[in-house]
Structure formats: C-alpha cells, structure tokens
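Residue-level structural notes
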Amino acid sequence: MSSENGIYHRQGQALDQYAQSSARTQEEADRMMQTSQTNTESLQAICHEFQQLNDRISSAQKDRAAMDEKVHGLNQRINEISNFIRDIQEVSEQTNLLSFNASIEAARAGEAGK
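Here's a quick rundown of the structure. Keep in mind it's a predicted model, so treat the numbers as computed, not measured.

**Focus on the overall build of the chain**
Each helix and strand in the chain was counted, giving 1 helix and 0 strands. Within the chain, the proportion of its 114 residues that are buried is 0%. Of the roughly 10600 Å² of accessible surface on the chain, 55% is carried by carbon and sulfur atoms.

**Here we look at the pattern of salt bridges**
Taken as a whole and assessed by the stated rule, the structure comprises 3 salt bridges. Salt-bridge contacts for Arg 108 lead to Glu 105; the nearest nitrogen and oxygen are separated by 3.4 Å. A residue pair is termed a helical-turn pair when its members lie 3 or 4 positions apart in one helix, as Arg 108 and Glu 105 do in helix 1 (residues 2–109) at 3 residues. In this structure Arg 108 comes out as exposed when scored by relative accessible area, which is 62%. For Glu 105, a relative accessible area of 39% translates into the label partly exposed.

Each value, and the rule that gives it
- Residues numbered from 1 in each chain as written.
- Predicted model: local features only at pLDDT ≥ 70, side-chain atom pairs only at ≥ 80, totals over all residues.
- Heavy atoms only, no water.
- Helix = DSSP H or I, 4+ residues; strand = E, 2+ residues; numbered from the N terminus.
- Buried < 20%, exposed > 50% of the residue type's maximum accessible area, 1.4 Å probe, protein only.
- Areas by Shrake-Rupley, 256 points an atom, 1.4 Å probe, with all protein chains shown as cover.
- Salt bridge = Lys/Arg side-chain N within 4 Å of Asp/Glu carboxyl O.

What follows is the structure, given as structure tokens:
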C-alpha cells in the first residue's frame, strides 16, 4: 500500500501544481485582457484626437482658400486703383502742360494777353 500511497501522493502533488499553474495562467490571462482593454481604450482616444486634428487641418485649409480668394480680389482692386491713379496723373500732366502753354502765350501777348 505504501507504493499506492506514493502514487496518490504524487498524483495529489501533480494536481496541486496543475491547479496552481492554472490559477497563474488565469491571472496572467486576466492581466493580458486588462492590458489589452487599456491599450484599446488608449488607441481609441488617440484615433479621436487624430480625427479632431484632421478636422482642424481641413478647416484651416478652407479658411486659407477663402483668404486666397480675398487676396486675389484685393489684388484686382489695387490694379484698378493703380490704373485710375495713372489716368489722373496723365490728366494732371496734360493740365499742367496746358497751363504752362497758356502762361507762355499770355506772356507773349503782353498786357493784352493778361
């Protein structure tokens, strides 16, 4: 019987080791599951932040495009104003020339020209 007791004792030890091993494996599986869940939540938060960043970039690009249109419009107005100023300068130069010419003719005519 002592050999049977030894076998039962070894079987008991083996079962105890299996139970302890199984408990450690379950604990490790639970830790891995917890870590996996934490990582999933972190990745979801990162994805959400990237989406918000992408939305901000898209909005900034739209704003830049609108500003480009406004700058283009302002550039056209500046060109129109520059042309208008050039026309005024030409008229002013012609008026000064006519005035100078009238002064010369008045001086040539003498007292009667005044």
